[in-house]
Amino acid sequence: MTFQPITPRLSMLRLGMVNCYLYECARGPILIDCGNPGDGPKILAALQQRNHHPADLSIIATHLHVDHIGALAALQAAGAPVAHMNPRDGAAVAQGNWMRPMHFAGPFAWFEDGINRRMVASQRGAPASIQPDAVDGAILGDELTVIATPGHSIGHISLYSPADGGVLICGDAAVHFTAQPNISFLYEDKSAAVESFKRLAGMSFAHAVFGHGKPLIGAADSAFTLRAANLKL
Ligand SMILES: [Zn+2]
């Protein structure tokens, strides 16, 4: 299992249904998201292939969901540093909470109360160390600008790099399974999720990568603009 190159600075590690990313710049390696519980050894092995020790990393987590922060405490136990998060999601992660109740689109909406009861109660783990400084407009690692994209979760962030033609690291503010990027099928606040997607669609970037789904390489902003034009509440 290796990090697959996307741009000269950015590479992607597929961890089953979820992806995490490595952004390598002058300030050093930045790990963006941390996979599910149990993914720690896979991430550490992939980092070792690139000669990165966990203590050399910076870590940014896009949001509190278990498939993005599940291995964070394990990575920190192996020497990785405190993770940058938005304070609205980071406070929960620091207390060992890995999910909040969600709303579901499509047929899952009928079962959301039951799913939420089980999911929120079961998805707890070791508290992780969080630095709650990933607020809108903050620049992390000298190159990654925080874009607040609430909706999928209340404290969700995306990241933008102007390098290599402009790269958007969406987290789960958008998914890309079909021809077009789209909002996720689950969210805490759908109207905020739609507004966040439209905000991203107003930006200029060549490439986009996602927590779930395949990268969009070249003219990625046009694909967002096209989808945003008919995205409804
Ligand atoms: Zn998520």
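Residues numbered from 1 in each chain as written. Predicted model: local features only at pLDDT ≥ 70, side-chain atom pairs only at ≥ 80, totals over all residues.

Student: Quick one: what's the story with the overall build of the protein chain, residue by residue and with numbers?
Tutor: A count of helical and extended segments in the protein chain gives seven helices and 15 strands. Scaling as 2.2 N^0.38, a compact globule of 233 residues should have a C-alpha radius of gyration of about 17 Å, and the protein chain matches this with 16 Å. Structurally, the protein chain occupies a C-alpha span of about 45 × 40 × 30 Å along its principal axes. Within the protein chain, the fraction of its 233 residues that count as buried is 43%. Here the contacts in the protein chain between residues at least 6 apart in sequence split such that 67% fall between residues at least 24 apart. (Helix = DSSP H or I, 4+ residues; strand = E, 2+ residues; numbered from the N terminus. Rg over C-alpha atoms; globule rule 2.2 N^0.38 Å. Buried ≥ 20, exposed ≤ 12 C-beta atoms within 10 Å, placed from the backbone. Contact = placed C-beta atoms within 7 Å.)

Student: Before we move on, could you go through the pairing of strand β3 (residues 18-25) and cite the residues and values that matter?
Tutor: Most of β3 sits out of view: six of its eight residues are buried. Taken together, the six bridges between strand β2 (residues 10-15) and β3 define a ladder with antiparallel strand orientation. Bridged to Leu-15 within β3 is Val-18. The turn linking β2 back onto β3 is made up of two residues, and Gly-16 within it adopts a positive phi angle of 70°. In this sheet, strand β4 (residues 28-32) lies alongside β3 in antiparallel orientation, the contact comprising five bridges. Looking at the pairing, Cys-25 lines up with Gly-28 of β4. (Pairing = 2+ DSSP bridges.)

Student: How would you sum up the pairing of strand β11 (residues 157-161)? Please name residues and give values.
Tutor: Successive residues of a regular strand alternate their side chains across the two faces of the sheet. Most of β11 sits inside the fold, with five of its five residues counted as buried. Pairing between strand β10 (residues 144-148) and β11: four bridges, direction antiparallel. Residue Val-146 lies in a different strand from β11, and its bridge partner there is Leu-159. Following β11, the chain reverses through five residues before pairing antiparallel with strand β12 (residues 167-169); Asp-164 in that reversal takes a positive phi of roughly 55°.

Student: Requested: an account of the environment of Glu-24, with residues and values cited.
Tutor: You can see Glu-24 is positioned in strand β3. Using a count of 16 C-beta atoms within 10 Å as the deciding quantity, one classes Glu-24 as partly exposed. The spatial distance from the C-alpha of Glu-24 to the C-alpha of Ala-55 is 15 Å, given a sequence separation of 31 residues. Here Glu-24 is in contact with Arg-9 and Pro-29, once residues within four sequence places are set aside.

Student: How would you sum up the sheet that holds β10? Please name residues and give values.
Tutor: If you trace the six strands from one edge of the open sheet to the other, you get β9-β10-β11-β12-β14-β15, paired in mixed fashion. Looking at the sheet topology across the chains shown, the edges are occupied by β9 (139-140) and β15 (216-217). Across three bridges, the pairing between β11 and β12 is antiparallel. Within the sheet, the bridge partner assigned to Ser-161 lies in β12 and is Val-167.

Student: Would you mind going over helix α4 (residues 87-94) in detail, with residue names and values included?
Tutor: Along α4, the residues classified as buried are Asp-89, Gly-90, Ala-92 and Val-93. Down the axis of α4, the sector holding all buried residues measures 160°, keeping them to one side. In the core, the buried residues of α4 are packed alongside α2 (66-69) and β8 (130-131). Residue Gly-96 follows α4 closely and has a positive phi angle near 85°. (Arc of directions from axis to C-beta.)

In short, shape yes, function no, at least from these values alone.
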